[in-house]
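Chain by chain, the residues:
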Amino acid sequence: MPRNPELKRVMVIGSGPIIIGQAAEFDYAGTQACRALKEERVEVVLANSNPATIMTDPEMADRIYIEPLTLEFLAKVIEKERPQGLLPTLGGQVGLNLAVQLAEAGVLEKYQVRLLGTPLETIKKAEDRELFKQMLSAIGEPVPESKVVGTVEEAVAFGCQVGFPVVVRPAYTLGGTGGGLARDEVELREIVGRGLALSMIRQVLIERSVAGWKEIEYEVMRDGADNCVTVCNMENIDPMGIHTGDSIVVAPSQTLSDHEYQMLRSASLKIIRALGVEGGCNIQFALDPESFRYYVIEVNPRVSRSSALASKATGYPIARVATKIALGLRLDEIENFVTRKTKACFEPALDYCVVKFPRWPFDKFVTADRSLGTQMKATGEAMAIDRTFEGALLKAVRSLELPTEGLSFPDLRVLATPDLRTKLSAPSDERLFLILEALRRGFRIEELSSLTGIDKFFLKKIKEITELENALKKMRNPLQLDKEVVFKAKQRGFSDLMISELTGADLSAIKDFRVHNGINPVYKMVDTCAGEFEAATPYFYSTYDLENEAAVTPRRKVLVIGAGPIRIGQGIEFDYCSVHSVRALKEEGIEALIINNNPETVSTDSDTADRLYFEPLTLEDVLHVVEQERPAGVIVQFGGQTAINLAGPLAEAGVPILGTAVEKIDEGEDRERFEKLLGQLGIPKPPGRGVPSLEAALAVAREIGFPVLVRPSYVLGGRAMEIVYNESDLRAFVASAAAVSPHHPILVDKYFQGKEIEVDAICDGEDVLIPGIMKHIERAGVHSGDSIAVYPARLPKSVEARIVEDTVKLARALRIKGLLNIQFVYYQGEVYVLEVNPRASRTVPYLSKITGIPMVRLGTKIMLGKKLRELGYEGGLVRPHALAAVKVPVFSFGKLLQVDTYLGPEMKSTGEVMGVDTSVPCALYKGLLAAGCSIPRVGTVLVTIADRDKEEALSIVKGLACLGLKFYATQGTARFLRKHGIEVEEVSKIEEGSPHVVDLIRSGKINFVINTFSGGK
């Protein structure tokens, strides 16, 4: 059956900014959708607000609208473009919710736009908790005892009836947003109140808890002719009660009997058919570990985070196939892109094990509540492939880039055994490491299973890791190394460094022993069919086996190092850069290789590079790939801090680093060396210097005066940077900065509260091209990733000239070949340099898209030896674009409790949006709207301002008063505002007793809060 010939133009809705619960997996899905539509000669109209994605690249669609994803803006796009079809199932919950809103507002009917893929009734059946329950009941599929409610009192009545704990699941939300596990009436009232506010239809499901049961997921596909396939089934190692995005997941399932597997597979096919989904569908089950009882927990009638994982785990491109089904093609008509011999109706078969491990932001938010539940907290994830579960698990942990090698956290060792039992019974990000520690102390498998709810199979496998540790510890001399034990350790994912630490043998001795005994990694291919058909797409993982499937080719090749899992400070923008670098290499006829471990991204799509290596980004693992491929060079500029930190060790190992010399990268990254360079060039910087110790830091602070800015070297996202106002805080912050970068100096600078200016530039060693200058709206001291950035900056000519002059000086002095980013502060008529990043920065996609200059493409070709003039570009500052563009950060504080939301030098945002218009005010309005910010037109504002900020805050409060808003304020602020003619009602501070500010907020009377505080944190 050919595709629907009426569909000549289709609109795709993206998912907007990266937030916890909705991340890069939808950039990957949306990119695949656009490509699939173009393959079928369909004109693509794309709406998305995220500038950092491949999805919003000019070549991905025929028309791209970087606009707020709201009903109002999308209706205007549809009115203008008149698409025949709308594809909403690849934009996460945002895309799905907007499709429902467009349909219910009559927009689709008015412009005769057909909803493609999953019908509107299906979306409602799956997302509306009452309709979902009715549908499952009609087909005889079991659901936990539950009730759909629209008020808090209804929820409390049901909770008291069935007994606590109960699970709260809001309708039309993602990542468990607004939901949670309520253990008593107080928690239930709080969670339901939040859930109702966040639900699009003010509806939540209250469900009897099945915490402790197994959680199993199936990814299923269905076409319009009712053909169905199961792409992948996955098992959460963590039991029910923890959001699947926060769970360690293994594929295929490891503990199901054939009867259980077939039972849940049959249920999945029955559900997707009853719903009438046309495309991909994710179904989550709870399975009783003591019987064959199961419940259907949730159905996502769209591609999801699990779909991206399943696609990368199997090689089956779910989003691509789902798009072609939406156009009317059948599964048996869609080619399997990996084998080129089979069709999409051929169910994948795996001859390896895949483990996904979440990446949490608790290194950034040390005070955050680390407990895990039904509301997701992870910012990203790493995936690993190996022949054994243990091998995949240890590779996945290495991929997280934690401050540990393997599964040993030193600070866990000090726990007393009773404390260890308490911690094991409460799910947290540390649980796997706690399990290892418990096994080392002799805990029995049965007790651990009882404490954690984790299946004994996984605990036995983890115990095998501790047994191997013990076997290695017995070999405390290189001469006693046992070939069989070392080989088994490598098969189980132990790194050379782990073996070195356990045996006491030198790292080089371990490597020599391995090589001498033929214990070397080989690379196996992901082929979707367990070797039954030869794969056409070279997609590899390492293991310790006999046969190597990754044959070396004679062509000139270059290896691009990716950025690993998404985290705060290192997000999807570096995947964008990696993908563009690969494309530039291909344009030059060079074989492009990439190594990365993030299953959510476009860079790990099996056909992005000529060869993909799905591996941890550690020195050992990267060197193994280099030894296998022998590339002409390695590119480290586009994988964020992860890649740049590998530059020195790789160069020491004799690996050629393309672009800026490693010695010059170090000069830019090392705070002390950079300070000397600025002095030599006569470029001003805030007073201060690099220090080796706390005593030296105190001496510098006393000399230059507080406040000071404390910064470690070789970090990204402002890690451990602080503005410090007194000596007691300085003592604490110097210690944390030293812990983050122990082998490099710490910089203590005077803090200037000026205007921050940012520049991205491209240099070929001589000429320097500056695509644009950006100005931050927030004052200096707020991390650039958390600041609203405006382009063009529109600075005084003298300031602009000074910035251009200093940028050229620095680029030439560092002999940059590729990209660099410089941050300046303009303070009391002087321009100071704050820092330089000798690599691609977070703003590269944003600046590339608004200026039209392909920065990564140029940078990559310069690394290959080309000059800017050869590539058609002169040096100097590019004339500003006619349009204004504003980059607005987006935060995920709603998912993380006990986190200080006040912004400072350490980055806290998870993503960003862009507003584009003919003027800065209009662009800013669009950016704020796209970021989910809205100032109420009516309502009440609570104001409590530190004395040092009162004068500065006055104009803001006056502006809000002109809009007609009313004010509450604490005593000192109220007195100040009344003095300036603003009517205000006074309220007590917390320490002054009830009723106080928190009581007022909880009462629902406050719509908006303006607060700054005295002191440091």
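Located above this text is the structure these notes cover.
What comes next is a walk through the structure. (Residues numbered from 1 in each chain as written. Predicted model: local features only at pLDDT ≥ 70, side-chain atom pairs only at ≥ 80, totals over all residues. Heavy atoms only, no water.)

### A few points about the overall build of the protein chain
- Scanning the protein chain for helices and strands turns up 33 helices and 38 strands.
- Here the protein chain holds 1017 residues, and the buried ones make up 63% of them.
- Accessible surface, the protein chain: about 36,800 Å² in total, of which carbon and sulfur atoms supply 51%.
- Charged side chains in the protein chain number 121 positive and 134 negative. The centres of these two groups are separated by 2 Å. (Helix = DSSP H or I, 4+ residues; strand = E, 2+ residues; numbered from the N terminus. Buried < 20%, exposed > 50% of the residue type's maximum accessible area, 1.4 Å probe, protein only. Areas by Shrake-Rupley, 256 points an atom, 1.4 Å probe, with all protein chains shown as cover. Lys, Arg positive; Asp, Glu negative; His and termini not counted. Charge placed at Lys NZ, Arg CZ, Asp CG, Glu CD.)

### A look at helix α30 (residues 920-930)
- All of the buried residues in α30 are A923, K926, G927 and A930. The buried residues of α30 all sit within an arc of 100 degrees when viewed along its axis, so they share a single face.
- Lining the buried residues of α30 we find α2 (71-81), β33 (884-890) and β34 (911-917).
- Between the side-chain oxygen at the start of α30 and the backbone nitrogen of C922 there is a gap of 3.4 Å, and the oxygen is on S919.
- Directly beyond the C-terminal end of α30, a positive phi value near 85 degrees is found at G932. (Arc of directions from axis to C-beta. Contact = heavy atoms within 4.5 Å. Polar contact = N/O pair within 3.5 Å; in protein donor to acceptor, adjacent residues only side chain to side chain.)

### Examining helix α20 (residues 572-587)
- Spanning 16 residues, α20 covers 23 Å between terminal C-alpha atoms, matching the ideal 22 Å at 1.5 Å per step.
- Of all 16 residues in α20, 13 are buried, a share of seventy percent or more.
- Phi turns positive one or two residues past the end of α20, at G589, with a value near 75 degrees. (Expected span 1.5 Å × (residues − 1).)

### Let's talk about the side chain of Q203
- Mapped onto the secondary structure, Q203 falls in the loop between α8 (185-198) and β9 (204-208).
- Residue classification places Q203 among the buried residues on the basis of a relative accessible area of 11%.
- Here the side chain of Q203 touches D128 through a polar contact of 3.4 Å, side chain to side chain.
- What Q203 contacts, discounting residues up to four positions off in sequence, is D128, R129, E130, V148, V149, P170, A171 and L196.

### As for the state of the cysteines
- Tallying each qualifying case throughout the model produces zero disulfides.
- Distance from the sulfur of C281, which forms no disulfide, to the nearest cysteine sulfur (C228) is 9.7 Å. (Disulfide = S-S within 2.5 Å.)

### A closer look at the packing of helix α23 (residues 662-669) against helix α24 (residues 671-681)
- The interhelical angle for the contact between α23 and α24, taken along N-to-C directions, is 90 degrees, at an axis separation of 5 Å. It follows from the interaxial angle that α23 and α24 lie roughly perpendicular. Where α23 abuts α24, its residues E663, D666, E667, G668 and E669 lie against R671, R673, F674 and L677.
- For the contact of α23 with α24, the class distribution of residues is two nonpolar, one polar and six charged. (Axes fitted to C-alpha atoms, helices over the stretch in contact; angles between N-to-C directions. Parallel < 35°, antiparallel > 145°, perpendicular 65-115°, else oblique. Nonpolar A, V, L, I, M, F, W, Y, C, P; charged D, E, K, R; others polar.)

### Comments concerning the sheet that holds strand β19 (residues 557-561)
- Here we have six strands laid out as an open sheet, ordered β17-β18-β21-β20-β19-β22, and mixed in their pairing. A single partner strand is all that each edge strand has here, and the edge strands are β17 (522-525) and β22 (633-635). Across the sheet, the mean angle separating the axes of adjacent strands is 30 degrees when strand polarity is ignored.
- Strand direction decides the pairing type here: strand β18 (residues 539-543) and strand β21 (residues 611-614), joined by two bridges, are parallel. From the neighbouring strand, Y539 faces β21, where its bridge partner is L612. (Pairing = 2+ DSSP bridges.)

### Description of the sheet that holds strand β14 (residues 294-300)
- Read from one edge of the open sheet, seven strands run β14-β13-β10-β11-β12-β15-β16, paired in antiparallel fashion. Edge strands, defined here as strands with exactly one partner in the open sheet, are β14 and β16 (380-386). On average, each strand axis in the sheet is inclined to that of its neighbour by 25 degrees, with strand direction left out of account.
- Looking at chain direction, strand β11 (residues 228-236) and strand β12 (residues 249-251) are connected through two bridges and run antiparallel.

### Quick notes on the pattern of salt bridges
- What the rule picks out here adds up to 80 salt bridges.
- For K926, the salt bridge identified is with E67, shortest N-O distance 3.0 Å. Within this pair, whereas K926 is found in helix α30, its partner E67 is found in the loop between β3 (63-66) and α2, the two being separated by 859 residues in sequence.
- Residue class for K926 comes out buried when judged on its relative accessible area of 10%.
- With a relative accessible area of 16%, E67 lands in the buried category.
- Put simply, R611 and E591 hold a salt bridge, and the shortest N to O gap is 3.8 Å. (Salt bridge = Lys/Arg side-chain N within 4 Å of Asp/Glu carboxyl O.)

### Some thoughts on the packing of aromatic side chains
- Evaluated as defined, the whole model comprises 16 aromatic pairs.
- Between the aromatic rings of F357 and W360, the centroid separation amounts to 6.3 Å while the plane-to-plane angle is 80 degrees, which identifies the pairing as edge-to-face.
- Judged by relative accessible area, which is 2%, F357 ranks as buried.
- For the cation-ring pair, K76 lies above F73, with the distance from its terminal atom to the ring centre recorded as 5.7 Å.
- Residue placement shows K312 over the ring face of Y28; its charged tip is 4.0 Å from the ring centre. (Phe/Tyr/Trp six-rings, centres within 6.5 Å; stacked < 30°, edge-to-face > 60°. Lys NZ or Arg CZ within 6 Å of the ring centre and 35° of its normal.)

### Remarks on the packing of helix α14 (residues 431-440) against helix α15 (residues 445-452)
- Across the interface, α14 lies against α15 with an axial gap of 11 Å and an inter-helix angle of 155 degrees. By the angle class used here, α14 and α15 are roughly antiparallel. For the pair α14 and α15, the sense of crossing is right-handed. Contacts between α14 and α15 involve R431, I435, A438 and L439 from the first element and I445, L448, L451 and T452 from the second.
- Residues of the contact of α14 with α15, tallied by class, amount to six nonpolar, one polar and one charged. (Left-handed = near helix turned anticlockwise from the far one by under 90°.)

### A few points about unusual backbone geometry
- P252 follows A251 through a cis peptide bond whose omega is -10 degrees.
- Of note, P252 is situated in the loop between β12 and α9 (258-275).
- Of note, the amide linkage connecting F706 to P707 takes the cis form, showing an omega dihedral of 0 degrees.
- Relative to the helices and strands, P707 resides in the loop between α25 (694-704) and β24 (708-711).
- Of note in this structure, Q112 is not a glycine but carries a positive phi near 55 degrees.
- Looking at the element boundaries, Q112 is found in the loop between α4 (107-110) and β5 (114-115).
- The exposure class of Q112 is exposed, given its relative accessible area of 69%.

### Some words on the environment of A953
- With respect to the secondary-structure elements, A953 resides in helix α31 (residues 950-962).
- In this structure, the C-alpha to C-alpha distance between A953 and N1011, residues 58 residues apart in sequence, is 9.7 Å.

### Here's the deal with the environment of R857
- Of note, R857 is situated in helix α29 (residues 855-863).
- Taking C-alpha positions, R857 is 9.8 Å from V579, a pair spaced 278 residues apart along the chain.
- The contact partners of R857, leaving out residues within four places of it in the chain, are A584 and E587.
- Within the structure, R857 has its side chain in polar contact with the side chain of E587 (distance 3.0 Å).

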